[in-house]
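Commentary on secondary and tertiary structure
What follows is each chain in one-letter form.
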Amino acid sequence: MAQQIVEYASGNEMAAIAVKQIGYDLMGYYPITPSTQIAENLDLMRARGETDLEMIAAEGEHSAAGICYGASVGGARVFNATSANGLLYAIEQLPVQSGTRYPMVMNVACRTVSGPLSIKGDHSDLMYMLNAGWPILFAHSVQEVYDFNLIALRLAEAVKLPVAVAFDGFFTSHQKRRCYRFEQDDTVKQFIGKKKEKYPFFDLEHPITVGSYMNEPDLINNRYQLYQAMEQARKVLPALYAEYEQLSGRSYKEWEGYCHEDAKELLVVLGSSFDTAMEAVDILRGQGKKVGLITLHVLRPFPAKELCQACAHAKQVLVADRQDSYGADGGNLSLELRAAFQRYKVQAQVKTLVYGLGGKDFYVEDALHMFEWLENDTMPEFAYYGITPGVQKKKESEFFEPVTEEKTKLGIVEVVHGEQELTVNGATLNATAQIKKRLAPGHGACPGCGIPVNLNLLLRGIEDPVVFLFQTGCGMIVTTGYPRTSFRVPYLHNLFQNGAATLSGLAEACRRKQRRGELPQGDIVFIMVSGDGGMDIGMGSALGTALRGHRLLLFEYDNGGYMNTGYQLSYSTPKGARSSTSHVGEAQYGKTFFHKDMPQIMAAANIPYVATVAESNPTDFIRKAAKAAEYAKTQGVAYVKALSACPLNWNDRPDLERQVIGAAVDCCYFPLYEVEQGKTKLSYDPEKSNKKIPVQDWLMKMGRTKHLGKPEYQDIVQELQNEVDRRFMRLKKKAEHSSL
């Protein structure tokens, strides 16, 4: 056996260690809980100079999968990690990679699929992969996450298929355990071996075409070859397990059993529940009951024959599914086991319980109850375990009085139509304070969070009824924890990547009903609220909505990162800023590229109104909100962007956030302007007011950028200063010349 050392680590941490030791070339990724920590740990290793892994932060999981595919075609060793709806967003790319036979490894920290939104662990995401043509390994322990990542790459390159390594989100992914890893990276590299390419893509003397168009019978032959590759994986895996046992001393096979040899009653579970259920087996064995336990290490290729052999002596088998294939009386694991029993003529009676959805904890007592269920012949063959009945109320009571038009239509904000632009009268700070707040005081935001501040300022400029759509993000999470809500107006949620399109459908449905007389006439302002990087993954949807010209308002609270997943870099994070995927170390200085200029991107879509706002200039904020609402009612898409404070991740003081925002405006990092009917107008010029400050003055107010004050980073600060000055100069030129 090779020399090993003990680690006390989580599954995500051990996955990152495996990736580092293997020496992968590239990782395309997008942050999503609970898999994000893998990328975070790898970035920390990069900053320390422990790995030269090329890490490409995509703007969404679909692009991350494309990055990985392109790199694997190019001959690189490629890795990715994702979860839940991120996996589903990327799923279109998965059969592309398997169908063209390019190996890579992807870790899936399993999480429930939305909606409604939940970030906790179950297996509803992974089961969508079963028909993607990827071998799938499932690790029920932290140790197995490490081991299976090493075995997975060997398997992938042996059979020329991409391989997934799955494990339970928040259980295996986050809980720390004592485990072993190889002391020397070279031990891992020797086990993996050198990559061999039969048809190198960059062999310019022998060019190849990848992914050509196919008709019959070629396509069915391609699929048959994919089937053969999966069958080859079935044969290769036992040899890999045996070789790995010699190296590590740890023995694996396609499944794992506990007290199963003579068991008359078997419980079959997948993932971390196996370890918990072992205790229940010990208790029942102590009572003289012949019970046993089985889990799977491989979902694809499905080890049907091996499982049937393991269950041959059982009279009753209970499959506990952490996922349901709705309408099929069982999740995918139980359905496949039933099919295997029929094929191999296993006589055991099979029952199914769906349990643990949304990360519901699984205790020893639950496993004991499951065995009791199995013993009771009166229990149905399929049921849900752990559901709780609701309480029937005579009358549903509202949390608070809704905000209707009568409470907001006060006449203190007047929008006047001119020939080329709108003018706003009234809308003073004191007067608009009378408008009833649509957002209730109760929410779960951090102290100093800019989201509720910016939302309330936006709504002070809008007297019409409003309908909200929130993309996933902190703003949504802190206001809608079931069964409560902070909204006194209609509210809808959809995921990051599809908010604007969803709102456009909602708006058009409303106006159609109004035309038919099915809804009262009158203006409603439809508002999408995005932040926490939502305009990265959601930019395509927003631009499509803008180009179609739907009448609605897109509001972005830009807090400069993916804050709701633990502050990973977004495309709006300042260059040089520290985040959990842009660490600072001897080999890395923080984020390596400039912040995205989303207002100018939206202006290029030729929408009627674009504006930037800041809480440090509240009257300007309110007047622009009034303009944006008017354009959203009458002409098309309006886009408003606010710089939004995040004390937790900016690492500054909550009580000083307005000063920090003001400094961003005064250094022109976040200039205040509007683009109305294609004409740019500066709302505030700190140079004319003699208030302009260097960018570094703003950077020094936040812990996330305070390292840039060191002499060794002055070239980075100067690059950022030059870019800020260039962008502001262009804005001034556009403001001076209406044709620009």
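On a predicted model such as this, the values are computed, not experimentally measured, just so you know.

**Observations concerning the sheet that holds strand S14 (residues 349-354)**
The strand order across the open sheet formed by 6 strands is S9-S11-S10-S13-S14-S15, and the pairing between neighbours is mixed. With partners counted over all chains shown, the strands left at the sheet margins are strand S9 (255-258) and strand S15 (382-384), one partner each. Recorded for the sheet is a direction-independent mean angle of 20° between the axes of neighbouring strands. Pairing analysis gives 4 bridges linking S9 to strand S11 (residues 291-296), with the strands arranged antiparallel. Paired with tryptophan 255 across the bridge in S11 is leucine 296. Running over the sheet, helix H9 (residues 273-286) touches S9, strand S10 (265-268) and S11 and is turned about 165° from S11.

**Quick notes on the environment of alanine 546**
As for its placement among the helices and strands, alanine 546 is situated in helix H19 (residues 539-548). On the basis of relative accessible area, alanine 546 is assigned to the buried category, the value being 6%. Sequence-wise, alanine 546 and methionine 602 are 56 residues apart; in three dimensions their C-alpha atoms are separated by 7.7 Å. With near-sequence residues (within four places) excluded, alanine 546 lies in contact with Met602, Ala605, Ile607 and Val637.

**Looking at the environment of arginine 484**
Within the secondary structure, arginine 484 sits in the loop between helix H16 (474-477) and strand S19 (491-494). Setting aside residues up to four positions removed in sequence, arginine 484 forms contacts with Phe399 and Thr479.

**A look at helix H12 (residues 364-375)**
The α-helix advances 3.6 residues per turn, and as a result positions three or four apart in sequence lie on the same side. Taking 1.5 Å per residue as the helical rise, H12 with its 12 residues ought to reach 16 Å, and the 17 Å between its terminal C-alpha atoms agrees with that figure. Restricting attention to buried positions, one finds in H12 the residues Val364, Asp366, Ala367, Met370, Phe371, Trp373 and Leu374.

**Quick word on the state of the cysteines**
A complete count under the given rule lists 0 disulfides for this structure. Looking at the unpaired cysteine 646, the closest cysteine sulfur is the one in cysteine 474, lying at 6.4 Å. Not engaged in a disulfide, the cysteine cysteine 668 finds its nearest cysteine sulfur in cysteine 667; these two sulfurs lie 6.7 Å apart.

**Describing the packing of helix H17 (residues 499-515) against H19**
Across the interface, H17 lies against H19 with an axial gap of 6 Å and an inter-helix angle of 35°. Of the residues in H19, those touching H17 at Gly499, Ala500, Ala501 and Ser504 are Ser541, Ala542, Thr545 and Arg548. For the contact of H17 with H19, the per-class residue count stands at 3 nonpolar, 4 polar and 1 charged.

**Quick look at the nonpolar core**
Core analysis: the largest hydrophobic core is formed by 57 residues, its most contacted members being Met27, Leu42, Phe79, Tyr146 and Leu150. Top element by residues in this core is helix H6 (residues 142-159). It accounts for 11 residues. Judged by nonpolar contacts, the second largest core, of 54 residues, contains Tyr669, Phe670, Tyr673 and Phe728.

**Some remarks on the side chain of serine 570**
Among the structural elements, serine 570 can be located in the loop between strand S21 (553-558) and strand S22 (584-585). A residue is classified by how much of its surface remains accessible, and serine 570, at 0% relative accessible area, is buried. Here serine 572 takes part through its side chain, which lies 2.9 Å from a polar atom of the side chain of serine 570. Excluding anything up to four places from it in sequence, serine 570 contacts Gly533, Asp536, Gly560, Gly561, Tyr562 and Lys591.

**Considerations on the packing of aromatic side chains**
For the structure on display, the rule yields 21 aromatic pairs. Taking 6.3 Å as the distance between ring centres and 50° as the angle between the ring planes, the aromatic pair formed by tyrosine 146 and phenylalanine 182 counts as tilted. Of this pair, tyrosine 146 sits in helix H6 while phenylalanine 182 sits in strand S8 (residues 177-182), placing them 36 residues apart in sequence. Aromatic side chains phenylalanine 182 and tyrosine 244 sit 6.0 Å apart centroid to centroid with 80° between the ring planes, which places their arrangement in the edge-to-face category. Here phenylalanine 182 is found in strand S8, whereas its partner tyrosine 244 is found in helix H8 (residues 218-248), with 62 residues between them in sequence. Take phenylalanine 182: its relative accessible area is 0%, and that puts it in the buried class.

**Describing the pairing of strand S18 (residues 466-471)**
The element S18 is extensively covered by neighbouring structure, given that 6 of its 6 residues are classed as buried. Residue alternation in S18 divides its side chains into two sets, Val466, Phe468 and Phe470 and Val467, Leu469 and Gln471, and both sets are buried. Pairing between S18 and strand S20 (residues 525-531): 5 bridges, direction parallel. Bridge assignment links valine 466 to a residue of S20, and that residue is valine 525. Bridge count between S18 and S19: 4 bridges; the pairing is parallel. Bridging from a neighbouring strand, glutamine 471 pairs with asparagine 494 of S19.

**Focus on H8**
With 31 residues, H8 should cover 45 Å at 1.5 Å per step; its first-to-last C-alpha distance of 43 Å lies within 8% of that length. Roughly 30° is the biggest bend found in H8, and it falls at valine 236, with proline proline 238 one to four residues downstream. What H8 keeps buried is the set Asn222, Leu226, Ala229, Met230, Ala233, Val236, Leu237, Leu240, Tyr241, Tyr244, Leu247 and Ser248. Phi for glycine 249, located one or two positions after H8, is positive at around 85°.

Rules behind the numbers
- Residues numbered from 1 in each chain as written.
- Predicted model: local features only at pLDDT ≥ 70, side-chain atom pairs only at ≥ 80, totals over all residues.
- Heavy atoms only, no water.
- Pairing = 2+ DSSP bridges.
- Helix = DSSP H or I, 4+ residues; strand = E, 2+ residues; numbered from the N terminus.
- Axes fitted to C-alpha atoms, helices over the stretch in contact; angles between N-to-C directions.
- Contact = heavy atoms within 4.5 Å.
- Buried < 20%, exposed > 50% of the residue type's maximum accessible area, 1.4 Å probe, protein only.
- Expected span 1.5 Å × (residues − 1).
- Disulfide = S-S within 2.5 Å.
- Nonpolar A, V, L, I, M, F, W, Y, C, P; charged D, E, K, R; others polar.
- Core = buried A, V, L, I, M, F, W, Y, C linked by side-chain atoms within 4.5 Å.
- Polar contact = N/O pair within 3.5 Å; in protein donor to acceptor, adjacent residues only side chain to side chain.
- Phe/Tyr/Trp six-rings, centres within 6.5 Å; stacked < 30°, edge-to-face > 60°.
- Bend = angle between axes of the 7 residues up to and from the residue.

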